[in-house]
Amino acid sequence: MMRFFAILRKETIQMRRDPVTLFIMFLLPVVQLLLFGFAIHTDVKHQATAVFDQSLTEESRELLSSFSASEYFDIRYAAKSFEEVDRLVDSGRAKAGIIIPPDLSENLKHGRETPIQIIVDASDSMSSSTAIAAAETIGQRKSQEALLAAHPDLAAGALRLYDIRLRAWYNRDAVTVYYMLPGIMGIILSMTMIMITSMAIVRERERGTLEQLMVTPMQPWELLLGKIAPYLAVGYVQTTVSLLVGLAVFHIPVRGSLSLFYGLTTLFIIASLTLGILISTAAKTQMQAMMMSFSVFLPSVLLSGFVFPREAMPLFFQGLSAFLPMTYYVDISRGILLKGNDLSALWPEALALLLFIAATFGTAVKKFARTVR
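For the structure given in this document, a descriptive report is provided here.

**Description of unusual backbone geometry**
Now for step 1: Positive phi, normally seen in glycine, also occurs at Leu56, with a value near 50°.
Now for step 2: One non-glycine residue, His251, adopts positive backbone phi at about 55°.
Now for step 3: Locating His251 in the fold gives a position in the loop between α11 (230-248) and α12 (258-282).

Have a look at this one:
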């Protein structure tokens, strides 16, 4: 037992000498619990909605007020044509579209059914199922109200004056794997790239070879760039394998350009690599690097929109997710594979990844340069 307590005392002293790792180990669970306890909600409300109101009557305004009052639809865009609604839903700026025909008021006066078209972006199955259920409920309730007001002798529910016609785009049958697999590709890339490069500098430091690199004529940015460049090929191989498995096994549709998909995936791979190299310059030990990588990985899964829609999160956490490259890659992969989006719809995500790369790589170079000096 004396030998056991001697080892126990030695390990305790060694653990106390690494306060950063201790801080991460004790603080990380608290932060993660608070973060995801407040952020994760499956009840998706306030979905951005585009409206093409061809009636422009009191009745159409009342109908739209009912959609807004339900809190499931936020009417943000007043479209002037069907094509404009299509563009807004295609680009992802609107998650739903409401199209009201010009004869709404006349049909209601004469007790005739009026088709109200509801377009829902079903590439996110959780958001779309909530929107579909809410739209059907609103249509039934408004029909009953109109019937009781104009024709009290008719039985409520005998006629649906508001005939809600739902159109689920991009994933009509709500196949879960179509929704999940594009995000899983990003998770695999993110986890691998960040974990590998987060060990790059700290491994050299622990092996004692960092000093040898410091005396070479290489600039800090050249050294860090050389550290991450070989893993681009690894990222391409992972992307290709994931895509082939998705096509061969799960029959995932590819509606957009594969060259654009690989081009924007390259930006995501580089963003993950630069984030990993930033972690590596900040960590002192490989354990610290691993813990820091994990603290980035879990928010990337839960806050990016991969599993839980971002629209259901409080604004603070939506803002926090904007600092994660995975957030943009989820939109890119689903947009190209499921929607067939081109660069005109995805340029904001591409620009965000470029800015992220510049910020993380620039910070890593400055931090490493101070270490060298």
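**Some words on the environment of Tyr328**
Now for step 1: When you line up the elements, Tyr328 lands in helix α15 (residues 325-339).
Now for step 2: Note on Tyr328: relative accessible area 18%, which makes it buried.
Now for step 3: For Tyr328 and Pro348, which are 20 residues apart along the polypeptide, the C-alpha to C-alpha distance reads 8.8 Å.
Now for step 4: With residues near it in sequence (within four places) discarded, Tyr328 still touches Ala322, Glu349, Ala352 and Leu353.

**Section: the sheet that holds strand β2 (residues 73-78)**
Now for step 1: Taken in spatial order, the five strands of this open sheet run β2-β1-β3-β4-β5, and their pairing is mixed. Only two strands of the sheet have a single neighbouring strand rather than two, namely β2 and β5 (162-169). Direction aside, the axes of adjacent strands within the sheet are offset by 25° on average.
Now for step 2: The pairing of strand β4 (residues 114-121) with β5 spans eight bridges and is classified as parallel.

**Let's talk about the packing of helix α7 (residues 176-198) against α12**
Now for step 1: Two elements in contact, α7 and α12, have axes whose closest approach is 7 Å; the angle formed by their N-to-C orientations is 35°. Between α7 and α12 lies a crossing whose hand is right-handed. Residue-level contacts link Met185, Gly186, Leu189, Ser190, Met193, Ile194, Thr197 and Ser198 of α7 to Phe261, Thr265, Phe268, Ile269, Ser272, Leu273, Leu275, Gly276, Ile277, Ile279 and Ser280 of α12.
Now for step 2: Classifying every residue of the contact of α7 with α12 by side-chain character gives 11 nonpolar, eight polar and no charged.

**Topic: the environment of Asp342**
Now for step 1: With respect to the helices and strands, Asp342 occurs in the loop between α15 and α16 (343-372).
Now for step 2: Remark: the alpha-carbon pair of Asp342 and Asp90, spanning 252 residues in sequence, is separated by 9.8 Å.
Now for step 3: Separated by 2.4 Å, the side chains of Asp342 and Ser344 make a polar contact.

**Examining the pairing of strand β1 (residues 47-53)**
Now for step 1: Of all seven residues in β1, seven are buried, a share of seventy percent or more.
Now for step 2: Side-chain alternation along β1 places Gln47, Thr49, Val51 and Asp53 on one buried face and Ala48, Ala50 and Phe52 on a second face that is also buried.
Now for step 3: Pairing of β1 with β2 involves five bridges; the strand directions are parallel. Looking at β2, one finds that Gln47 is bridged to Phe73.
Now for step 4: Since β1 and β2 lie parallel, the crossover through helix α3 (residues 58-69) that links them has a hand, and here it is right-handed.
Now for step 5: In this sheet, strand β3 (residues 96-100) lies alongside β1 in parallel orientation, the contact comprising five bridges. Each residue of the ladder has a partner; that of Phe52, found in β3, is Ile99.

What counts as what
- Residues numbered from 1 in each chain as written.
- Predicted model: local features only at pLDDT ≥ 70, side-chain atom pairs only at ≥ 80, totals over all residues.
- Heavy atoms only, no water.
- Helix = DSSP H or I, 4+ residues; strand = E, 2+ residues; numbered from the N terminus.
- Buried < 20%, exposed > 50% of the residue type's maximum accessible area, 1.4 Å probe, protein only.
- Contact = heavy atoms within 4.5 Å.
- Pairing = 2+ DSSP bridges.
- Axes fitted to C-alpha atoms, helices over the stretch in contact; angles between N-to-C directions.
- Left-handed = near helix turned anticlockwise from the far one by under 90°.
- Nonpolar A, V, L, I, M, F, W, Y, C, P; charged D, E, K, R; others polar.
- Polar contact = N/O pair within 3.5 Å; in protein donor to acceptor, adjacent residues only side chain to side chain.
- Right-handed = clockwise from strand over helix to strand, strands pointing away.

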